[in-house]
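Each chain, letter by letter, is given below.
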Amino acid sequence: MPVNMINDADGSPRVILSEPTGSTAEVLLYGGQVVSWKNERREELLFVTKKALWKPSKAVRGGIPIYFPQFANFGPLERHGFARNRLWSLDPSPSPLSPANNQSTVDLILRCTEDDLKAWPHRFELRLRISLSAGKLTLIPRVRNTDNKAFSFTFALRNYFSVSDISLICSEVRIEGLETLDYFDNLMQRQRYTEQADAITFDGEVVPSSQIDRVYLSTPTKIAIIDHEKKRTFVLRKEGMGDSAVWNPWDKKAKALPDMGDEDFKIMLCVDSAAIETPVTLKPLEEWKGRQELSAVSSSYCSGQLDPRKVLHGFS
């Protein structure tokens, strides 16, 4: 399907993807960032703050920003690296598409600039394929070393999921698939812990502050974000990215963020696909490839028609 390119009021280019059942996705060339994913009922599946700064030099808070070549402050560069703060281009020579009916795709590329080389002295090409099909949004990042020396990097696709109010007593939002795993707690100086709960849950009464900022290690290829209130489950499938970060700022941190509304923390939850604990190392001309597939599955809390363990293990 052809790429539909429009310009925002400020001239910023935006790609609109659509497919026959009615779902859509919107991608900014600035940052190579998905900022909208709507299902066939026109329901927005991704969170974007209403206080987003829609201007160059600042990544939009929400959607799916790309963190490269550094996650958070796990290194000397600016927080989360510079890829999310650069203008990408349409890839003039993308890899061939695999046969797929009713799929809408855009291929983007980011090449290093002289300014980038001053901060991070490694030449690279970062490609991103974004594909929309019925009920699914797929992102395939690829990093190629175009330098004459090896380099290492960390990487993440930060997924801002739109969820029902997680601040309520007995919130019905939970993450399954990360139980029993080790994680770094960024709120505790990156100390390493083991997840003891059957699922990650949020409860404003039991836990006065449910702020969470963790990197789960060696995570499975499938993770479920279950939202009983909205009768929806997001299924995250990933390859080439062994870790998963989970983030919600909760109330005090949200109020301290200039580009986030005071109440926004209630209706968003980040669960990332990431390569953090063990950086990716590429020799000259080598290429790394990751893959993330997001799907939204209708589910019913009352009828129990969705068994999250079946989702996680591929039986549903």
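Residues numbered from 1 in each chain as written. Predicted model: local features only at pLDDT ≥ 70, side-chain atom pairs only at ≥ 80, totals over all residues. Heavy atoms only, no water.

How we decide: UniProt positions are given in the numbering used here, feature names are shortened, and annotations may be inferred rather than shown by experiment.
The name an unreviewed UniProt entry assigns to the chain is glucose-6-phosphate 1-epimerase, from the organism Coffea arabica. Annotation of the chain in UniProt includes, under Catalytic activity (unreviewed entry), the sentence "alpha-D-glucose 6-phosphate = beta-D-glucose 6-phosphate". Quoted verbatim from the Sequence similarities (unreviewed entry) field of UniProt, the annotation for the chain is "Belongs to the glucose-6-phosphate 1-epimerase family."

Concerning the sheet that holds strand 5 (residues 66-67)
Worth spelling out the cut-off: Should DSSP find at least two bridges between two strands, the strands are regarded as paired. Strands are runs of DSSP state E lasting at least 2 residues, helices are runs of H or I lasting at least 4, and numbering of each runs from the N terminus.
One open sheet accounts for three strands, arranged 5-10-21; its pairing is antiparallel. Both outer strands of the open sheet, strand 5 and strand 21 (273-282), are each paired with one neighbouring strand and no more. Taken together, the six bridges between strand 10 (residues 151-157) and strand 21 define a ladder with antiparallel strand orientation. Residue Ala156 lies in a different strand from strand 21, and its bridge partner there is Ala274.

Here we look at the packing of aromatic side chains
Definition in use: Each aromatic pair joins two rings of Phe, Tyr and Trp (for Trp, the six-membered one) with centres within 6.5 Å, and gets the label stacked for planes under 30 degrees apart, edge-to-face for over 60, and tilted for any other angle. For each residue, the accessible area found with a 1.4 Å probe, counting protein chains only, is set against the maximum for its type, and the residue is called buried under 20%, exposed over 50%, and partly exposed in between.
Enumeration over the complete set of coordinates arrives at 20 aromatic pairs. Seen from their ring centres, Phe153 and Trp288 are 5.7 Å apart, and the 75 degrees between their planes marks the pair as edge-to-face. You can see Phe153 sitting in strand 10 and its partner Trp288 sitting in strand 22 (residues 287-289), a full 135 residues away along the chain. Across the pair, exposure class does not vary: Phe153 and Trp288 are buried alike.

Notes on the sheet that holds strand 3 (residues 24-28)
Just so we agree on the cut-off: Inter-axis angles, ranging from 0 to 180 degrees, are taken between N-to-C directions of lines fitted to C-alpha atoms, where helices are fitted over the stretch in contact.
The strand order 1-2-3-4 describes an open sheet built from four strands, whose pairing is antiparallel. A strand with exactly one partner marks an edge of an open sheet, and here the two such strands are strand 1 (4-7) and strand 4 (33-38). Each strand axis lies, on average, 25 degrees off the axis of its neighbour in the sheet, ignoring direction. Two strands pair when backbone bridges link them, and strand 1 and strand 2 (residues 13-18) are joined in this way by four bridges, in the antiparallel orientation. Within strand 2, the residue paired with Met5 across the bridge is Val15.

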